[in-house]
Amino acid sequence: MDVTRRTLLRGLSAAPLAAAAGGLVLPSTAQAASSAAASQFRVSMREHPLEPTSYTYPSAIAGLANELAAAPLVQEVLRNADRKAVANPRWPAGTKPSRLAYSFGWDPEKNDGTTGQWYPQGVSSSYDAYHGPIPGTNTDAEKRAVLVSWYAKGAIWNRGARVTFVDVTVPSRPRYRHVLLVEPKKSAGEPYDFSPVGVHAGGIAWYGDRLYLADTRGGLRVFNVNQMFKVATPPKNWCGYRAMDKKYYAYDCQYVLPQSRAYDNAGAALIYSQVSVDHSTAQPSLLVSEFRRSGKCRVVRWYMNPQTSSITSEEAVGQRTFNRLKVQGAVSVDGRYYFSVSDGPNNRGSLYRSRRGRITPMRHGYLSIGPEDLSYDGDRDGIWGLGEYPRKRHVYVVGR
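Remember, it's a predicted structure, so these values are computed and weren't measured experimentally. Position numbers for residues start from 1 in each chain and track the written sequence from start to end. The predicted nature of this model means local features are confined to residues of pLDDT at least 70 and side-chain atom pairs, given and counted, to a pLDDT of 80 or more, with totals for whole chains, interfaces and linings taken over all residues. Derived side-chain values reflect all non-hydrogen atoms in the structure, with water molecules and hydrogen atoms excluded from consideration.

A. Geometry of the nonpolar core. Definition of nonpolar core: a set of buried residues of the types Ala, Val, Leu, Ile, Met, Phe, Trp, Tyr and Cys, connected through side-chain atoms within 4.5 Å. For every residue, the accessible area (1.4 Å probe, protein chains only) is compared with the maximum for its type, and the residue is labelled buried under 20%, exposed over 50%, or partly exposed between those bounds. In terms of nonpolar packing, the biggest core is built from 33 residues, with Phe104, Trp106, Val148, Leu180, Phe194, Val256 and Trp384 touching the most fellow members. Counting from the N terminus, the helices are the DSSP runs of H or I reaching at least four residues and the strands are the DSSP runs of E reaching at least two. Ranked by the residues each element gives to this core, the list is headed by strand 6 (residues 145–152), at 4 residues. Apart from the residues within four sequence positions on either side, Val148 is in contact with Trp106, Pro120, Gly122, Val123, Arg162, Val163, Thr164, Ile204, Leu386 and Val395. In this structure, Ala129, Val179, Met228 and Tyr255 belong to the second largest nonpolar core, which totals 24 residues. Any two residues having at least one pair of non-hydrogen atoms within 4.5 Å are treated as being in contact.

B. Highlighting the packing of aromatic side chains. Think of it this way: a Phe, Tyr or Trp ring, Trp meaning its six-membered ring, pairs with another when their centres are within 6.5 Å, and the plane angle makes it stacked under 30 degrees, edge-to-face over 60, tilted otherwise. Inspection of every chain in the model, using the stated rule, returns 17 aromatic pairs. Taking 5.3 Å as the distance between ring centres and 70° as the angle between the ring planes, the aromatic pair formed by Tyr130 and Trp206 counts as edge-to-face. Of this pair, Tyr130 sits in helix 5 (residues 126–130) while Trp206 sits in strand 10 (residues 204–207), and the two are 76 residues apart along the sequence. Taken individually, Tyr130 and Trp206 each receive the classification buried, so the pair is uniform in this respect. In this structure an aromatic cluster arises from ring pairing among Tyr102, Phe104, Trp106, Trp150, Tyr176 and Trp384. Both a distance and an angle decide whether a charge sits over a ring: NZ of Lys or CZ of Arg must be within 6 Å of the ring centre and within 35 degrees of the ring normal. Over the ring of Trp118 we find Arg162, and its NZ or CZ is 4.2 Å from the ring centre.

C. Layout of the environment of Gly329. By secondary structure assignment, the location of Gly329 is in strand 22 (residues 327–333). According to the relative accessible area criterion, Gly329 is buried, its value standing at 0%. Taking the C-alpha atoms as reference points, Gly329 and Asp373, separated by 44 residues in sequence, lie 4.0 Å from one another. With residues near it in sequence (within four places) discarded, Gly329 still touches Gln274, Ser289, Tyr338, Phe339, Ser340, Glu372, Asp373 and Leu374.

D. Examining the sheet that holds strand 23 (residues 336–341) more closely. Reading across the sheet, the 4 strands line up as 22-23-24-25 and stay open at both edges, with antiparallel pairing between neighbours. The open sheet has two edge strands with one neighbour each: strand 22 and strand 25 (362–369). Averaged over all neighbouring strand pairs, the angle between strand axes comes to 20°, with direction disregarded. Here, strands pair whenever DSSP counts at least two bridges between them. Two elements, strand 22 and strand 23, share 6 bridges in a ladder whose sense is antiparallel. Paired with Ala330 across the bridge in strand 23 is Phe339. Helix axes are fitted only over the stretch in contact, all axes being lines through C-alpha atoms; the angle between N-to-C directions runs from 0 to 180 degrees.

E. Molecular detail of the pattern of salt bridges. Just to be clear on terms, a salt bridge is a Lys or Arg side-chain nitrogen sitting within 4 Å of an Asp or Glu carboxyl oxygen. This structure, assessed with the given rule, holds 16 salt bridges. The salt bridge involving Asp215 is made with Arg221; its shortest N-O contact spans 2.9 Å. The exposure class assigned to Asp215 is buried, which follows from its relative accessible area of 17%. A relative accessible area of 14% means that Arg221 is categorised as buried. What emerges from the salt-bridge pattern is a single network uniting Arg42, Glu314 and Glu315.

Next comes the structure, spelled out in structure tokens:
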């Protein structure tokens, strides 16, 4: 289908949560969903670190903008992709997902597909970000991209999390670049600085100019993709400002993406395991789902404001409970829910879909070994997924 996309907007402004609704009229479905089940789930927006500070995230980002080169747009990061992915790689016997439409593997010369120090988790795409007309913006279909989040473990666990920007404009020639996620900061008498964001990065949702990152027990971290910065390259063991040469570094990444706000969990306990975008609701919505080893998986929904890319209100507008364990990712399309469910490091996971009026989904097909987050792509009418285990971590689309 011919999909309209939003041009990435420059700027360092951040809209307050209370004003995020921007005069939008919530559809009747939102009013119907405003029940006790949904209203118990709430978030609280903040634009500053949890500990008391004299700065906010926007002010620290503005300070970094004065010290570093002008923030590059996503288009620049994609054009400067420094790694080559492998389009439609070979799948070992018995590991290929059902209804496979497209896949790519990581650059074999860069160790991304085999390393045990970085594990991929979340996935989102430019369809999530730019689908549908957005008031007051131009359109830009120059690039199509897939974003993948990773968390560091083992000897480099303190490097936090990164997001990979993959250019799939030409599906047969995918290229990508890693961007380190950082938290901006400022100490009295010291230059503006940043440090790694230490989260599991289990799920991401790219909506407009915001990247939403699941913070398992905390809520959602938010990054403005128009506020990336280019830093010096070596040394690979340093992150932030280094006084000896007055330069900024981000380990082996050349770009950083600072956190611009957070939506902290402020209601009933909820595990923020995965997050996705649903464009098929009357108003675009953000879906949070849980990974559980016991009990039932809950899926909670918040409406989004297309003009600000923000959550419209603190209170959730919908909640569903499903009889399914080990859910690694969830999306909803036209009222139907799809779930990725893992089955250990040696067996293919499964894709389940909801059935009308029932809480137990039915198997829809197989996914890769070690499936993680999901993201719906209306351009393909397919669902993006990925595998997390070394040598088993293709990124792929399966038909819906």
